[in-house]
Structures are given as structure tokens and as C-alpha cells.
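Now for the letters of each chain:
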Amino acid sequence: MLLVTPLAPAPVAEVVAATETPPLYDDEAGGFANGDDPAIWVHPSRPAKSVVITTAKEGGLYAYSLSGAQLQHLPAQPPPGPGHEPGRLNNVDLVHGFRLSTGAKVDLAVASDRGRDQLRVFAIDPAAAAAGRPPLTDVTDPAVPFVFNGSQEEVDEARTAYGLAVSGTRVVVSRRHQTRLGLLQLAAAPGGKVTYRNVRTLDLPAAFPLPDGTTWTPCGEPGELPQVEGMVVDGARGVLYAAQEDVGIWRLRADLTGRPALMDKVKEYGRQDTYDPETEECLPGQDRGYGGDHLSADAEGLTIYEDGRRDGYLLASSQGDDTFAAYDRADNTHIGQFRVTSGPRADGAEVSDGAMVTSAALGSAFPEGLLVVHDGADTPADGDREVTNFKFVDWRQVASQISSHG
């Protein structure tokens, strides 16, 4: 009888961060700042003065220089009234060359506010960024509507705007604890403000047929469906990638038309876990071998490295094993796996949520681009405080590793 030896798993490459941002603390003393998602704004004439903009949930929005130094902190919105939820900025992305009602063209940082079910919009000032001054100004129209809900009472149930990705002047937003995606169109409002309107919605599946004829429903708290958070739009192809955390990565049209295709599955796909109300956790079930090979749930932050042509990479945070998966941008073939480990200037990145990469040459520090990733467990620890921040990785490190391990 012929014995077949299983192939050993491909090695996981290691990279180290060039620098990191100051720690954020998710407690009252730290302003309930809990890092989540970054965006990299490239300065149009002085790339070494580019800015990294990050969300920190109830802690609001932060802006950092390329050295990791804090340039600005903008707090989240307060509760709209007694007993209501405060603002919690979750994900952030960029809009370039948006024309305001004043006639000015500006770049915008757009963030999902999961506490208030809205978008928050911030204009970016290149002159302020070049001078090392706070570069962001809130230009959100005070009358912006809810993204998914019809009343404040519904908003307080927390099925609100969650993940976010920009497509031109449109924004794709996911709904927390649901499978729904919404497409919003940004619009200029009086007084140099920005608002938006709903274009359409699309619901991803919540249950999945398996090869053995059964149907799999991912485990979750009662009433909660498998949600999407990490998303990115490949503008050159009109493609949206959406990471359904317990399922995998979907590829679909950025305008939310057509039929989504599941590009890659998490390793736990098809494993029927069971919810334990005492621990409020899902207890692992039998692995029947229907899952993928590269992503450990949760599948999280997605970002695209564009090489100036139509090639490049799609990167995905595999939060369950603290790695990142790299796929060919053109055909979505898996190329390699890497993790951000501790080095002389920063610790590694664990349980990473958001990530963003740029291929722009950002001065001598990052001449071939920059990858910024969220670190969900920053060290050194400070007692039992929850500590997060963001790591800045020279793209040359990533490129050399995935090319040699792919």
C-alpha cells in the first residue's frame, strides 16, 4: 500500500517593526482608547511628512507622524442624550480630491462610528501635516443620518456601522453582528461640511452548505450573525474584498451588485462550535476538514499593496494565529504568510485587527512603502490594563520575506 506523507505547512516568515506609536489604554484613565484600524495618508509634495490616521473606538481618532509621534487626538462624539451610546470610531479609510460646497478640493479621512451608527468625516490639511501640526478637521454635517438604523433606540441595540472601505467617493460599510453591507455616496453639504446618502445594501450568507449535505451556521451569541469588519476596495478592478470574520474572505463588485464569491475560507470553516452561555464563548466542535489553510478566525484587516501597475498583493490579518496572509492581487493565489515579531525598536503584533499598506516612497525611512498594523496586545504590559497600539513595518522587509517564502 502506498503511504502518502502529508505536506508540511509552509514556513511563516518574520518581519520586525521600524517603529511604533505610543500605547493606548482602554480604561477611564486612558480615555477608553482601544486601537483598531489605520489609514496612511500620503502627502502630495512632501511624502516624508505623510500621516498615519488611526481609530481608537471610544478614544476617537489619532494622527501620527512617520516616526510614530502623536500629532493629534480628536475625541469621539459624546452620547446624543442620557442613556444613549457614545461615539466609537471603528474603521477608517481615505477619499482623495473631494470637492466641498466651498469649491475647495480636499482629501478626507472617513471613519465608521459604531457607537452612533454614523460616518465621521475629517478634512486633511497638507500644510499642517508638513509643519508637524494637527492636520485633521471634523467636517461632518451635523445632520448626517444613521447608516443602518431608523431610530436612536435601534442604534442603542449595537447593530451599527462597523467596518468601512472607500471606493472613490462612495463608502462600503458593514453592519455589526449582521451580514449586511451598505453602499453610501458622500455628498457636499452647506458650509464646507460632508454628508452621505444610502445607495443600496447587500446581505452575505449566514449559513453555508457543506459537502456532506449538511448546513453549517457559524457559532455566535444568540441573535448575532457572522459579521464583516475588514474590507478593502481594489479601485483598478472595481472589486471589494470583505472579511467575514468566522467564514473567510469574499470577493465581490465594489458597487454591491452581482454575486459574491468566497475567495478563501478560515481554517475553522464548517466546524460546528457550540455557544456556552456561562462563559459566553464558543466551544470548539469536531474539525471535519472543510476549512481553508491560511486564515485562523477571526479573518480581519484587509489591505492592498499596489506596485504602480496592476500587480501587487492583497494582505489579510489572520487574527487567530497572529499572522498575515499574502495573496496575488491579480488571481488571489496565496503567496505566503508572515508575522510581525519583536525587534530592537518595537514588540510584535498580536491579535491584529486593522492594517493598511502603501507602495508610495515615504522618504528615506520607507523608500518602497509602509505597512501599518494594529497590535492588540502591546507590551510591556501595565498590570491588567488593556494596551494597544500600531506598528510601522518597512515594506522592503515584507517583500523580501513573501518573495522568498512564496
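As a reminder, the structure under discussion sits directly above these lines.
Quick look at the structure, then. (Residues numbered from 1 in each chain as written. Predicted model: local features only at pLDDT ≥ 70, side-chain atom pairs only at ≥ 80, totals over all residues. Heavy atoms only, no water.)

**Considering unusual backbone geometry**
- Following Ala297, the chain continues to Asp298 via a peptide bond in cis, the omega torsion being 10°.
- Examined against the element boundaries, Asp298 turns out to sit in the loop between strand E23 (281-283) and strand E24 (299-306).
- One non-glycine residue, Phe32, adopts positive backbone phi at about 55°.
- Looking at the secondary structure, you find Phe32 in the loop between strand E3 (24-25) and strand E4 (38-41).
- Even without being glycine, Asp322 reaches a positive phi, approximately 60°. (Helix = DSSP H or I, 4+ residues; strand = E, 2+ residues; numbered from the N terminus.)

**Let's talk about the layout of surface pockets**
- What the largest pocket holds in volume is close to 1,100 Å³.
- Of the residues in the lining of the largest pocket, the class split is 11 nonpolar, eight polar and 21 charged.
- Space inside the second largest pocket adds up to approximately 720 Å³.
- Surrounding the second largest pocket, 37 residues form its lining, Asp93, Val232, Val233, Glu306 and Met356 being those nearest its centre.
- Of all the secondary-structure elements, those providing two or more residues to the lining of the second largest pocket are E4, strand E8 (89-99), strand E12 (161-167), strand E18 (228-234), E24 and strand E28 (355-358).
- Considering only residue class, the lining of the second largest pocket consists of 18 nonpolar, 12 polar and seven charged. (1 Å grid on protein atoms, 1.4 Å probe; cavity = no way out; pocket = protein on both sides within 12 Å on 5 of 7 lines; lining within 4 Å. Points joined across faces, edges and corners; volume = space filled by probe spheres on them. Nonpolar A, V, L, I, M, F, W, Y, C, P; charged D, E, K, R; others polar.)

**Regarding the sheet that holds strand E21 (residues 261-265)**
- The strand order across the open sheet formed by four strands is E18-E19-E20-E21, and the pairing between neighbours is antiparallel. Of all strands in the sheet, those bounded by a partner on one side alone are E18 and E21. For this sheet, the mean angle separating the axes of adjacent strands, direction not counted, is 25°.
- Both E18 and strand E19 (residues 239-244) contribute to a ladder of five bridges, which runs antiparallel. Note that in E19 the partner of Val233 across the bridge is Leu240. (Pairing = 2+ DSSP bridges. Axes fitted to C-alpha atoms, helices over the stretch in contact; angles between N-to-C directions.)

**What about the packing of aromatic side chains?**
- Within this structure, the stated rule accounts for nine aromatic pairs.
- Relative to Trp216, the ring of Phe208 lies with its centre 5.7 Å away and its plane at 40°, an arrangement referred to as tilted.
- Taken together, the ring pairs connect Phe208, Trp216, Trp250 and Tyr269 into an aromatic cluster.
- The ring of Tyr269 is capped by Lys265, whose NZ or CZ atom sits 4.7 Å from the centre of that ring.
- Over the aromatic face of Tyr25 sits the side chain of Arg385, whose NZ or CZ is 3.8 Å from the ring centroid. (Phe/Tyr/Trp six-rings, centres within 6.5 Å; stacked < 30°, edge-to-face > 60°. Lys NZ or Arg CZ within 6 Å of the ring centre and 35° of its normal.)

**Some points on the pairing of strand E5 (residues 51-55)**
- Burial runs high along E5: five of the five residues are buried.
- Residues Val51, Ile53 and Thr55 of E5 are buried on one face, and the alternating residues Val52 and Thr54, pointing to the opposite face, are buried as well.
- Sheet topology places E4 next to E5; four bridges connect them, and they run antiparallel. In the sheet register, Pro38 faces E5, and the bridge partner there is Thr54.
- By the bridge criterion, four bridges tie E5 to strand E6 (residues 61-64) in an arrangement that is antiparallel. Pairing of Thr54 across the sheet is with Tyr62, part of E6. (Buried < 20%, exposed > 50% of the residue type's maximum accessible area, 1.4 Å probe, protein only.)

**Some thoughts on the side chain of Ser65**
- Relative to the assigned elements, Ser65 resides in the loop between E6 and strand E7 (70-74).
- Every residue in contact with Ser65, bar those within four places of it in the chain, is listed here: Ser50, Leu71 and Phe392. (Contact = heavy atoms within 4.5 Å.)

**Focus: the nonpolar core**
- By size, the foremost hydrophobic cluster in this structure holds 34 residues, and its most contacted members are Leu181 and Leu240.
- Taken together, the elements giving at least two residues each to this core come down to strand E14 (180-189), E18, E19, strand E20 (248-253), E24, strand E25 (312-318) and strand E26 (323-328).
- Here the element with the most residues in this core is E19; it accounts for five residues.
- Beyond its immediate sequence surroundings of up to four residues, Leu240 is in contact with Ala165, Val172, Leu181, Met231, Val232, Val233, Trp250, Arg251, Leu252, Arg253, Ala254 and Leu256.
- Among the nonpolar cores identified, the runner-up in size contains 32 residues, and Trp41, Val92, Ala109 and Leu370 belong to it. (Core = buried A, V, L, I, M, F, W, Y, C linked by side-chain atoms within 4.5 Å.)

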